[in-house]
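Here's the letter readout for the chains.
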Amino acid sequence: MPQDPLNVLWVEPTFPGRLGAAADWLVRRRGYRAWFYCHTLEPRAHWPASVGRGLEVQVFGVGGVARETAVGWSRALERSLCYAYGCWEVLEQKRPRPIDLIVGRSAGLGSSLFAPVYDRAPPVVQFVDYYFHGRANDLADEAGPETPPAYFHWRRSTTAIELLDLEQAALGWVPTEWQRGLFPAEYRDDLLVLHDGVDTSRFARLERDGSPRPARSIAGRAIPASARVVTFVARSLDRLRGFDRFLTLAEELLRARTDVVVVVTGDPIVRRGLDVAFHNKDYLGHLTAARPPVDPKRLWFLGAVPPSTVADLLAASDLHVAPGRVYPVARSTLEAMAAGCVVLASDSAPHREVIEHGQTGLLADPADADGLLRQALAVLDDPAGHRPLGIAATARVRQSYSQDACLPRLAETFNRLALPGSGGGRP
Amino acid sequence: MNVLFLHDAFPAQFGRLGQELATRHGWKCTFIVQSLSSCPTPTPEMLQAVEIIQAPMTAEHRTGEGIPWPQIYGQFLDQCRSVYEIIKARPQLRPDLVVAHGGRGAPTLFLRDVVDCPIINYCEYFFATSHRDISYRIDLPPAEPAPFFPRCINAPTLASLVDCDAGYSATEWQRSSFPARFHPRIEVHFDGIETSLYRPGPAPRTIGEKSIPEGTRVVTFVSRGLESIRGFDLFMRAADRIARVRSDVLFVVVGGEEIHYGWDKLHTGAPSFKQWALSRGEFDLSRFIFLGRVLPEKLAEILRISDLHIYLTAPFVLSWSMLNAMSSGCVVLGSDVPPVREVLRPGENGLVAPLFDVEVLTERALAVLDDPAAYAPLGLAARRTIEESYSLEVCIPPLRDFFERVAARRKSR
């Protein structure tokens, strides 16, 4: 199938956000020209290589309710429309062209909703990550009777921007089958299921089969050769990614084995609004205040780190733990697999799609703390015996979740959509 | 059966239906509404047959000014919350079925937490991003929200639609306005026209103080609001031409000056589209009677003396007024757009003309007025169409069956 170079307008609240890496790959590997319109720039350490070399980044402002620091739940769509309008204003002013295709992602904020207004409308591909259910998944599974009705009202109403985006898209794009299944039945058949891909070239094991393990260091700190490194990686240390569960497990591991070093990366401040109890609060501080660490010298908190540090950490890991709630598989989990880590994850539908227990990783009932501990200790007791899991995990990611596996298919899809007579882009 | 109806207003689409279900079939019908409407005005029989719970008015209804377009979804959520709280406070309601009107989204979004029964959405309409409904009148000066509002106006409709158990639209065309993916979920059931009220026959030829001589030809135009989407300005232009050709024509216009759809205030910069339209021509207003809104009984009398009823909608939800006119045996000249064509078959039970072609409109209108007897069969056929396919008697039994089918899903769950 053809994968011709295309002119693509990308719209996402943050750059690189989720789509920046895919845009970069298409620029570098398929000759695309990309305009990436965003509201917020992440630190340059996170920017991909092609910025300024085929990938132009344009920031747009927002007005109205989107400028407020906190927005009531019933005004979430109004805020999204402010983002969409802010994007449109800069598009109207800059008028990048030609544009063969628009790719948008709302990410709970704004979107490409108004982007097609400014010109003859090219087809829109909408990347959608998540569709909230009123009383299921993520943190809703554990919401108790004390939870105010407004929380559930918000959950039931916050999908409006996704629905609008999908209605105006030529194609909806979702990373996994589990995520596709979250959407109303009427939309599922029209969703392309394709992961946006992990850059596997960034991840490699330090040791090679049959050769001694090289010295390990993380963020400038040397790790004793005999140490067993247990890792947890998340954008922020929150309940959604199971940081509370991890901390409990980590304490037990530190007690059980004196050679364990636990390394955690992630912002201690909870950034996801769906965790209403701890949003913008220091969840790490909350947990450790209630229960001080057993051995702080062996429990390292690195905070938010650049991608290169995550790669170093995963390369040094003996056991990577992903005990998150029912939520889309974290990119860090796939990266850990790509890095050849033995991954111990919570046994949930999204994880089961990626990890086959006993083949490409381990799954454990998150409610069974003893079971989780038992499996973790088994890995640490016998790293060599569990190596095949890490090797198979790497193969699994390379085959199904790497950029080189996923993005050529994406380029074919874009080709079909953008070029006349392509016959449409439904998967 | 215990049915809970949700609607902005009473009686609107559900009042007569609730009355029929209660009186003929013994159903308990409860309504949660924001306001008692005068379009049409509820009858004492209707009020006796059903229970009405009044919900707090939304900001838009309180002020009558509308709200900025980016806030429409927030307003919808306020309405959803209000309905949720009303039902939560009345655990004795225990409906077997909720039927909710969704002109701009049925306010059902939070009901799953307080009722355990299927929810039916009245799927009135799904707005287009262009070339239909509020985006159709590109002949008018551009309005700032025009490129944006149509891309988000459907948010309430979508949110409630994906959550409902089933939906129904009044006409095939209204159903077809929804994305194809939802069509299997939406049936077509018309609300039902009261053919005993809107019927052909003699009627007093007086309107207010004014009596209308026998020889005078009466041309009627009816719309809830005299606005662009219903072609009021185009009607005035055609009427002006007709008046200049025939001195014996009186134009009777029913409808308020409020704007219900679109951006007429922004298009024109005038507070009243009616006044704006009138200011754009040299009309002989002595040939017109503007009645504002009238009671259904009065409207029925007016339609009975109509020699020609003109209905000039853009492609949008078909108005009851056109079907009321057909039921009254009027010769209807409608705009040639798909929703009109679904009911009105040119040359068979009415006439059509291109919406913007005032010359053809005038020509066809004059042909009718020149020889009413020759066109009378169209009026008779129109009446038959309503009796056979759109009357309350015909429409309510399948609608009742539909409700029962959906309500039974709870039992089978």
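Thresholds applied
- Residues numbered from 1 in each chain as written.
- Chains lettered and ligands numbered in written order.
- Predicted model: local features only at pLDDT ≥ 70, side-chain atom pairs only at ≥ 80, totals over all residues.
- pLDDT = per-residue confidence, 0-100.
- Contact = placed C-beta atoms within 7 Å.
- Buried ≥ 20, exposed ≤ 12 C-beta atoms within 10 Å, placed from the backbone.
- Helix = DSSP H or I, 4+ residues; strand = E, 2+ residues; numbered from the N terminus.
- Arc of directions from axis to C-beta.
- Domains from an automatic or database assignment.
- Expected span 1.5 Å × (residues − 1).
- Nonpolar A, V, L, I, M, F, W, Y, C, P; charged D, E, K, R; others polar.

(A) Layout of the confidence of the model for chain A. Summing up the model confidence of chain A, the mean pLDDT is 93 and the portion of residues at 70 or higher is 96%. Per-residue pLDDT stays below 50 along residues 423-427 of chain A; that stretch engages in 10 contacts with residues further than four places along the chain or on separate chains.

(B) Inspection of helix α10 (residues 296-304) of chain B at higher detail. All names here are of chain B. Of the positions making up α10, those classed as buried are Leu299, Ala300, Ile302 and Leu303. The buried residues of α10 occupy one face: seen down the axis, they fall within an arc of 160 degrees. Residues of α10 that are buried make contact with β8 (206-207), β10 (217-225), β11 (249-256), β13 (308-311) and α11 (320-327).

(C) Up close: the domain arrangement of chain A. Residues and elements named next belong to chain A. With domains assigned, chain A is organised as domain 1 (7-197 + 403-418) and domain 2 (200-400). Here domain 1 and domain 2 have C-alpha centroids that lie 28 Å from each other. In this complex, domain 1 contributes 15 residues to the contact, which on the side of domain 2 involves 18 residues.

(D) A look at helix α14 (residues 372-390) of chain B. Residues and elements named next belong to chain B. The first and last C-alpha atoms of α14 sit 25 Å apart over 19 residues, in line with the 27 Å expected at 1.5 Å per residue. Taken as a whole, α14 has its buried residues at Leu378, Gly379, Ala382, Arg383, Thr385, Ile386 and Tyr390. For α14, the angular spread of the buried residues around the axis is 155 degrees, confining them to a single face. Of the exposed residues in α14, the ones pointing more than 90 degrees away from its buried face are Ala373, Ala374, Pro377 and Glu388.

(E) Spotlight on the domain arrangement of chain B. All names here are of chain B. Partitioning chain B into structural domains gives domain 1 (2-192 + 392-412) and domain 2 (206-390). Taking the mean C-alpha position of each, domain 1 and domain 2 sit 28 Å from one another. Contact with domain 1, which involves 25 residues of that partner, is made by 23 residues of domain 2. The set of elements that each furnish at least two residues to the side of domain 1 that touches domain 2 consists of α6 (172-176) and α15 (392-412). Sorting elements by how many residues they give to the side of domain 1 that touches domain 2 places α6 first, with three residues. A class-by-class count of the residues in the side of domain 1 that touches domain 2 yields 14 nonpolar, four polar and seven charged.

(F) Focus on the interface of chain B and chain A. With 23 residues of chain B at the interface, the matching set in chain A holds 25 residues. Of all elements in the fold, only α4 (72-88) and α5 (155-163) of chain B reach the threshold of two or more residues within the side of chain B that touches chain A. Across the side of chain B that touches chain A, the residue classes break down as 14 nonpolar, three polar and six charged.

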